[in-house]
Protein chains: 2
Amino acid sequence: MSKVGIKDIAARANVSTATVSYVLNGTRNVKPATKERVLRVIEELNFKPNAIAQSLKNRRTDTIGVIAEDVTVFNVPEIIDGINDYADRHDLHILLTNLRLDKRIGRGFDRVESYRKHMENAVAELQGKQVEGIVYIGVHPRDLTGMIDTHGKPIVYTYCYTQDDISIQYDDEQASYDAMAYLVKQGHSKIAIISGTMDSLPSRMRFNGFYKAVTEFSLPFNPDWIKMGDWETESGFRLAQELLSLPEPPTAILAMNDVMAAGVLRAASEAGVAVPGELSVIGFDNREFSGYLTPRMTTLELPLHEMGYRAMDSLMKAIRGEEVDRNQSPACKLILRDSVAPPPGD
Amino acid sequence: MSKVGIKDIAARANVSTATVSYVLNGTRNVKPATKERVLRVIEELNFKPNAIAQSLKNRRTDTIGVIAEDVTVFNVPEIIDGINDYADRHDLHILLTNLRLDKRIGRGFDRVESYRKHMENAVAELQGKQVEGIVYIGVHPRDLTGMIDTHGKPIVYTYCYTQDDISIQYDDEQASYDAMAYLVKQGHSKIAIISGTMDSLPSRMRFNGFYKAVTEFSLPFNPDWIKMGDWETESGFRLAQELLSLPEPPTAILAMNDVMAAGVLRAASEAGVAVPGELSVIGFDNREFSGYLTPRMTTLELPLHEMGYRAMDSLMKAIRGEEVDRNQSPACKLILRDSVAPPPGD
DNA sequence: AATATATATCTAAACGATTAAATTATTTTG
DNA sequence: CAAAATAATTTAATCGTTTAGATATATATT
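Residues numbered from 1 in each chain as written. Chains lettered and ligands numbered in written order. Predicted model: local features only at pLDDT ≥ 70, side-chain atom pairs only at ≥ 80, totals over all residues. Heavy atoms only, no water.

The name given to chain A in an unreviewed UniProt entry is LacI family DNA-binding transcriptional regulator, and the organism recorded there is Cohnella thailandensis.

As structure tokens, then:
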């Protein structure tokens, strides 16, 4: 089953390889009869042009490299789906590199060198494969801007902010502001927040959104209502307990992710505080489980598909040398479910 | 910034391209001094060999194609992670095709033709790109075996059973048998099952495992304890209500996925039936949320990473023409949490 | 020192397509 | 109907590597 090539077609159809190429690409006129004959032979031998050879000659691979820190992180597949959606519509191929960072080097920046090594290696491999550009999906680069040298190959970062490169990240600040505005509209004013770790930029930006709403709506600002969590469900549980046992407890809690919000729900349940009757809760991420919780949880949905899609769009523009909007921030969407109601006695 | 090639290196190092190639690949002896010189120039110009050209000459791309029906389906990323793990260790690249079937053609087989078209198209593209083999991730092929002609290109199916091809799917029957054995060991004998839709092969196999345990452990067989669900949480909720209001209710329920099991938990909670005190529940899939439910749910973890890894291993064997175990079934693992206890009064 | 042997390097032909430029076939035109 | 114009096809170089086989250079052997 030695592969059939353009030469075989040419021979069997009694034409030159050039002619075959012309019928394949329609780059020149070829007599209908000849075309017919060539096409028939192509069909007969089930000929598919060798894209590798084409790429070599055309110096275009129509392939873009995607580097993901870890594809098993909950929001990554949806971003990849967006990337794929774009790729599909534009006849592009995706060469996927999964750094598997979490599995390899643990969390945090204690192994920056290791991260850099893996990253540089991944970029080099993709360069070798002649990808036309790279989409990066992950959180690390935001604190390490300039660390990665792609040697002029266009790259778009997504799911993180960068200063000097093109990046697409949803609007954290606006999102938490929107959540706050919704709570205020429901009549709340005593609103607590449970943040993620403050070394995280999204955490700080979400806090900005919270604070912006506090000032803009002239809400009472009580330091006891500001709690710092660590993204894990236990911290949501524990901090909610603290909030609920305050002399003046809040009537609503905004948690910076659904995982912590789930902890809040459990704390409320154990304390006999009805959600949403006595306490409203809003999460962040619209994780699948948030719809299975009791009550079904109101939360912020991230525009993941759009991020992937836009990342590709920006990348292709950059490749073509067009001007690109460097820091796009598609909006999150508040998903209204059953964990928010007006405050008691409202 | 015109790409630097082996010719540039050769010129600048005063050697022929052949010599450069030899130092690059170590395929022939080259004088240490020359080698040194060439290497320095390579470093200087940051030369990376063009893998496309190499592939053309060597007739090897070291690339395998992965076709996923939908990367956003919960268990797919973990399989991809396994594939990637293998690829990493063996210096292979992954060309990812996401059919996005669910998004495009809806569920079910009402659009078989459309599925086939997409699939054939995907295979053709990958053929063109000269992948050395294909891993398929999805459920569709099992009922359509033989429908896809890869023209001799090795393919391994995963996450589904096939008859005529190499496939890797976890052992559904053994898994539900294991869950049953565990319940029996805890002292249960009145065990109900909530299945998925019965047009699904995994559903039927899980039922086989259940039934095998019933006979092997001589459990009472009560037709009322056999319920057919539709994989969705509402059906778990509703069927659990029916089970709990039976004159002789079961002391344990095995649900064929975590989503339905979550519904069972909710039904128990609403009916004031304590889990695990009065009712034990086991789910299937070890979805992330199953750890956030109250009580944390005992469930079966699927060997997804291993499936991906093994799929690659089998594929590479097939590519090399070695003998391959055609239908591997790695085992699921029972994750013990808090939703199972001995039956009341035991 | 002349020859044989081993080592290092180079020349040039691939790999499978595309595409200018050249050639050949066909049609138009006066 | 021959010349000119146009259309169809072919020739051969090219993309950036690898690699037989040829050649040059160094080392060993007598």
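With respect to the overall build of chain A
Scanning chain A for helices and strands turns up 12 helices and 12 strands. Taking the principal axes of its C-alpha atoms as reference, chain A extends roughly 90 × 40 × 40 Å. Across the 346 residues in chain A, those meeting the buried criterion constitute 53%. A fraction of 71% describes how many contacts in chain A between residues 6 or more apart in sequence connect residues 24 or more apart. Total accessible area on chain A stands at roughly 15200 Å², and carbon and sulfur atoms take up 48% of it. Within chain A, one finds 39 positive and 47 negative side-chain charges whose respective centroids are separated by 10 Å. (Helix = DSSP H or I, 4+ residues; strand = E, 2+ residues; numbered from the N terminus. Buried < 20%, exposed > 50% of the residue type's maximum accessible area, 1.4 Å probe, protein only. Contact = heavy atoms within 4.5 Å. Areas by Shrake-Rupley, 256 points an atom, 1.4 Å probe, with all protein chains shown as cover. Lys, Arg positive; Asp, Glu negative; His and termini not counted. Charge placed at Lys NZ, Arg CZ, Asp CG, Glu CD.)

Notes on the relation of the copies chain B and chain A
Each copy of the sequence occupies a distinct position, and chain B is placed on chain A by a rotation of 180 degrees and an axial shift of 0.0 Å, giving an RMSD of 0.0 Å. Expressed as a symmetry operation, the mapping of one chain copy onto the other fits a two-fold axis. Rotation axis and chain B: the residue whose C-alpha lies nearest the axis is Leu95(B), separated from it by 2.3 Å. Looking at chain B, 100% of its interface residues are interface residues in chain A too, so the copies touch through the same face. (Least-squares fit on C-alpha atoms with pLDDT ≥ 70 in both.)

Observations regarding the domain arrangement of chain A
When the parts of a complex come together, some accessible area is lost, and that lost area is often used as the size of the interface. Residue and element names in this part refer to chain A. Taken domain by domain, chain A comprises domain 1 (6-49), domain 2 (63-170 + 304-330) and domain 3 (172-301). Distance from the C-alpha centre of domain 2 to the C-alpha centre of domain 3: 31 Å. In this complex, domain 2 contributes five residues to the contact, which on the side of domain 3 involves nine residues. A buried area of about 640 Å², summed over both sides, lies between domain 2 and domain 3, and 56% of it is on carbon and sulfur atoms. Inspection of the region where domain 2 meets domain 3 yields zero salt bridges. (Domains from an automatic or database assignment. Buried area = accessible area lost by both parts, 1.4 Å probe. Salt bridge = Lys/Arg side-chain N within 4 Å of Asp/Glu carboxyl O.)

Points about the nonpolar core
One finds Ile137(A) and Ile137(B) to be the most contacted residues of the largest nonpolar core, which totals 152 residues. Grouped together as the second largest cluster of nonpolar side chains are 32 residues, Leu95(A), Ile148(A), Leu126(B) and Val131(B) included. (Core = buried A, V, L, I, M, F, W, Y, C linked by side-chain atoms within 4.5 Å.)

Topic: the protein's contact with DNA strand D
Within the structure, DNA strand D sits among 29 residues, and Ser16(A), Arg28(A), Thr34(A), Arg59(A) and Arg28(B) are positioned closest to it. Considering DNA strand D, the proportion of its atoms within 4 Å of the protein that are sugar or phosphate atoms stands at 59%. Between DNA strand D and Asn50(B), the relevant distance is 3.2 Å, taken from a phosphate oxygen to a main-chain nitrogen or oxygen of the residue. Within the side chain of Gln54(B), a nitrogen or oxygen atom sits 3.0 Å from a phosphate oxygen of DNA strand D. Of all elements in the fold, only helix 2 (17-25) and helix 4 (51-58) of chain A together with helix 1 (6-13), helix 2 (17-25) and helix 4 (51-58) of chain B reach the threshold of two or more residues within the surface near DNA strand D. For the surface near DNA strand D, the per-class residue count stands at 11 nonpolar, 11 polar and seven charged. (Near = heavy atom within 4 Å. Polar contact = N/O pair within 3.5 Å; in protein donor to acceptor, adjacent residues only side chain to side chain. Nonpolar A, V, L, I, M, F, W, Y, C, P; charged D, E, K, R; others polar.)

Observations regarding helix 4 of chain A
Among the residues making up helix 4 of chain A, those that are buried are Ala51(A), Ile52(A) and Ser55(A). Along the axis of helix 4 of chain A, the buried residues cluster in a sector spanning 105 degrees; they form a single face. (Arc of directions from axis to C-beta.)

Quick notes on the protein's contact with DNA strand C
The full set close to DNA strand C counts 29 residues, and Ile6(A), Arg28(A), Arg28(B), Thr34(B) and Arg59(B) are the nearest of them. Counting only the atoms of DNA strand C within 4 Å of the protein, the fraction contributed by sugar and phosphate is 61%. Gln54(A) is positioned such that a nitrogen or oxygen atom in its side chain is 3.0 Å from a phosphate oxygen of DNA strand C. For the surface near DNA strand C, the elements supplying multiple residues, two or more each, are helix 1 (6-13), helix 2 and helix 4 of chain A together with helix 2 and helix 4 of chain B. When its residues are assigned to classes, the surface near DNA strand C shows 11 nonpolar, 11 polar and seven charged.

Some remarks on helix 10 (residues 233-244) of chain A
All names here are of chain A. A rise of 1.5 Å per residue sets the reference length of helix 10, with its 12 residues, at 16 Å; its end C-alpha atoms lie 16 Å apart and thus fit the reference within 8%. All of the buried residues in helix 10 are Thr233, Ser235, Gly236, Phe237, Leu239, Ala240, Leu243 and Leu244. The inward-facing, buried residues of helix 10 abut strand 6 (191-195), strand 7 (226-228), strand 8 (252-255) and helix 11 (258-271). (Expected span 1.5 Å × (residues − 1).)

Description of the pattern of salt bridges
For the coordinates displayed, the defined rule picks out 32 salt bridges over all chains. With a closest N to O distance of 2.7 Å, Arg310(A) and Glu306(A) form a salt bridge. Here Arg310(A) and its partner Glu306(A) are both found in helix 12 (residues 304-319), four residues apart, which amounts to about one turn of the helix. With a relative accessible area of 33%, Glu306(A) lands in the partly exposed category. Residues joined by salt bridges that share partners form a network here, namely Asp81(A), Asp85(A), Arg89(A) and Arg100(B).

Some remarks on the packing of helix 5 (residues 76-89) of chain B against helix 12 (residues 304-319) of chain B
Residues and elements named next belong to chain B. Between helix 5 and helix 12, the least distance of the axes is 6 Å, while the angle of their chain directions is 45 degrees. In terms of axis orientation, helix 5 runs oblique to helix 12. For helix 5 against helix 12, the interelement crossing comes out right-handed. Two secondary-structure elements touch here, helix 5 through Glu78, Ile79, Asp81, Gly82, Ile83, Asp85, Tyr86, Ala87 and Arg89 and helix 12 through Leu304, His305, Met307, Gly308, Tyr309, Met312, Asp313 and Met316. Taken together, the residues of the contact of helix 5 with helix 12 sort by class into nine nonpolar, three polar and five charged. (Axes fitted to C-alpha atoms, helices over the stretch in contact; angles between N-to-C directions. Parallel < 35°, antiparallel > 145°, perpendicular 65-115°, else oblique. Left-handed = near helix turned anticlockwise from the far one by under 90°.)

A short note on the packing of aromatic side chains
Residues and elements named next belong to chain A. Inspection of the entire model under this criterion finds 14 aromatic pairs over all chains. On the basis of an interplanar angle of 25 degrees and a centroid distance of 5.9 Å, the ring pair of Tyr177 and Phe217 is categorised as stacked. Of this pair, Tyr177 sits in helix 8 (residues 172-185) while Phe217 sits in the loop between helix 9 (201-216) and strand 7, and the two are 40 residues apart along the sequence. Owing to a relative accessible area of 13%, Tyr177 belongs among the buried residues under this scheme. (Phe/Tyr/Trp six-rings, centres within 6.5 Å; stacked < 30°, edge-to-face > 60°.)

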